[in-house]
Amino acid sequence: MAVNRPKPLVAGNWKMNGLKAAKKELASLVKGVAGAKSKPGCDIMICPPATILSLCSDTVKGSGIKLGGQDCHAEASGAHTGDLSAEMLKNAGARACIVGHSERRTDHCESSLEVKLKAEAAHRAGLMAIICLGETADERSSGKTIKIVGQQLKASLAESANHKNTVIAYEPVWAIGTGNTPTVADIAKVHGYIRKRLIALLGDETGAKTRILYGGSVKPSNAKELMDIDNVNGALVGGASLKAKDFLGIITAY
Ligand code: 13P
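Because the structure is predicted, anything quoted here is derived from the model rather than measured.

Calculation rules
- Residues numbered from 1 in each chain as written.
- Predicted model: local features only at pLDDT ≥ 70, side-chain atom pairs only at ≥ 80, totals over all residues.
- Heavy atoms only, no water.
- Near = heavy atom within 4 Å.
- Polar contact = N/O pair within 3.5 Å; in protein donor to acceptor, adjacent residues only side chain to side chain.
- Areas by Shrake-Rupley, 256 points an atom, 1.4 Å probe, with all protein chains shown as cover.
- Nonpolar A, V, L, I, M, F, W, Y, C, P; charged D, E, K, R; others polar.
- Axes fitted to C-alpha atoms, helices over the stretch in contact; angles between N-to-C directions.
- Helix = DSSP H or I, 4+ residues; strand = E, 2+ residues; numbered from the N terminus.
- Left-handed = near helix turned anticlockwise from the far one by under 90°.
- Contact = heavy atoms within 4.5 Å.
- Pairing = 2+ DSSP bridges.
- Parallel < 35°, antiparallel > 145°, perpendicular 65-115°, else oblique.

Draft legend 1. Broad picture of the site of the ligand. Near the ligand lie 13 residues; those nearest to it are Lys15, His101, Gly177, Ser217 and Gly239. Here an oxygen atom of the ligand and a side-chain polar atom of Lys15 are 2.7 Å apart. Contact with the protein chains removes 95% of the 310 Å² of surface that the ligand exposes when unbound. Broken down by class, the residue content of the shell around the ligand amounts to 4 nonpolar, 7 polar and 2 charged.

Here's what the structure looks like:
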């Protein structure tokens, strides 16, 4: 690993999957990581549904595997029925929170400004914000990928962002859950652009050290190729994070 390369992060986003019984799968992951021939060369995180965060927190204790939430409200508390604050996630065992996932941007019409406020809320609570960006299939076919990613990045990045409290996840919407991934050259181009923009927005050192994850149909069979791309500092994994065996297969790319 090059000296200046940030330590990679492989994070699993369980989305709306996981009842209490999922604890078993997480326990297999803990066992798999502990029993690996060599210590994984990446940070490992699972973002389960908030309903089982506390339960998962007991399961990962002492394993080095960290937990994250999948979304948070911008406020710390108040009259917001059904919402969860970053402080609540932290209290339940989270160390990070995904914000601005495309499924939330689409299903809940979240704007980049809301995403930025959520990222700031995560920082206020002492959580790392994993800020998701990515173009739709239409935006890609009309050649707008770089423009969209640049706009989302600038508008979603918290004022309080630094390389310790912020991770960027590039997830092309059309690659999520489809089995399709961009070419190596396309990913290198977008991640290189995000790196350049992070350096412009956060300064040389912070911009260079901020992790940029790739997400969208990452699986054990393509993890090594994807994770070897310049400026890819890990992965945000959906479907393949639900099974310990698959997720372990991705982690071992490091
Ligand atoms: P898949 O890995 O299932 O494509 O999902 C990616 C994702 O949306 C992670 O946040």
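Draft legend 2. Just the packing of helix 1 (residues 23-34) against helix 11 (residues 244-251), in detail. Where helix 1 meets helix 11, the axes come as close as 9 Å, and the angle between the chain directions of the two elements is 35°. Pair helix 1 / helix 11 crosses with right-handed handedness. Contact with helix 1, carried on its side by Glu25, Ser28, Leu29, Gly32 and Val33, involves Ala244, Phe247, Leu248 and Ile251 of helix 11 and no other residues of that element. Of the residues in the contact of helix 1 with helix 11, the class split is 6 nonpolar, 2 polar and 1 charged.

Draft legend 3. Main features of the sheet that holds strand 2 (residues 43-47). Sheet architecture is closed into a barrel: 8 strands sit in the order 1-2-3-4-5-6-7-8, paired in parallel fashion. Within the sheet, the average angular offset between the axes of one strand and its neighbour, ignoring direction, is 25°. With respect to the sheet, helix 5 (residues 112-124) is in contact with strand 4 (96-99), strand 5 (128-133) and strand 6 (166-170), its orientation differing from that of strand 5 by roughly 160°. Of the strands in this sheet, strand 5 and strand 6 are in contact with helix 7 (residues 145-156), which crosses strand 5 at around 155°.

Draft legend 4. Quick look at the packing of helix 1 against helix 2 (residues 53-60). The contact between helix 1 and helix 2 brings their axes to 9 Å, and the two run at 25°. The orientation of helix 1 relative to helix 2 falls into the category roughly parallel. Considering only the axes of helix 1 and helix 2, their crossing is right-handed. Packed against helix 1, whose contacting residues are Lys23, Leu26, Ala27 and Val30, the element helix 2 presents Leu55, Cys56, Thr59 and Val60 at the interface. Looking at the contact of helix 1 with helix 2 residue by residue, the classes come out as 6 nonpolar, 1 polar and 1 charged.

Read these as layout, nothing more, since geometry by itself doesn't imply function.
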